[in-house]
Amino acid sequence: MQSNLAYLCEDAMAGRLAKLVPGGHTATVPAAARYPSMENPFRFSAELTSFLETV
């Protein structure tokens, strides 16, 4: 999962990493930088729950 304000993990890098994991994908947490679980907890939880339902 990435945030739209993070500058160390670009979209391209996140995409490459996701391709290494079977069934991997990326998700963006808006209005978050370093700690998406604290900066936008509702969106983070929704993305995490969605992912966990596929495992």
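## As for the confidence of the model for the chain
And then number 1: For the chain, per-residue confidence averages 81 on the pLDDT scale, and 82% of positions sit at 70 or higher.
And then number 2: Least confident of the elements in the chain is strand S1 (residues 2–3), whose mean pLDDT is 56; most confident is helix H3 (residues 41–52), at 92.

## Here we look at the pattern of salt bridges
And then number 1: Tallied over the full model, the rule gives 1 salt bridge.
And then number 2: Between Glu47 and Arg43 there is a salt bridge, with the nearest N and O atoms lying 3.1 Å from each other. Pair noted here: Glu47 and Arg43 are both in helix H3, with a separation of 4 residues, about one helical turn.
And then number 3: On the accessibility criterion, Glu47 (19% relative accessible area) is buried.

## Some points on unusual backbone geometry
And then number 1: Positive phi values are uncommon outside glycine, yet Ala31 reaches one of about 55°.
And then number 2: Summarising the element assignment, Ala31 is placed in the loop between strand S2 (28–29) and helix H2 (36–39).
And then number 3: Judged by relative accessible area, Ala31 falls into the exposed class, the value being 54%.

## Quick look at the side chain of Asn40
And then number 1: Within the fold, Asn40 resides in the loop between H2 and H3.
And then number 2: Engagement of the side chain of Asn40 in a polar contact is seen with the backbone oxygen of Pro30, the distance being 2.8 Å.
And then number 3: Not counting chain neighbours up to four residues away, the residues in contact with Asn40 comprise Val29, Pro30 and Ala31.

Thresholds, definitions, all that
- Residues numbered from 1 in each chain as written.
- Predicted model: local features only at pLDDT ≥ 70, side-chain atom pairs only at ≥ 80, totals over all residues.
- Heavy atoms only, no water.
- pLDDT = per-residue confidence, 0-100.
- Helix = DSSP H or I, 4+ residues; strand = E, 2+ residues; numbered from the N terminus.
- Salt bridge = Lys/Arg side-chain N within 4 Å of Asp/Glu carboxyl O.
- Buried < 20%, exposed > 50% of the residue type's maximum accessible area, 1.4 Å probe, protein only.
- Polar contact = N/O pair within 3.5 Å; in protein donor to acceptor, adjacent residues only side chain to side chain.
- Contact = heavy atoms within 4.5 Å.

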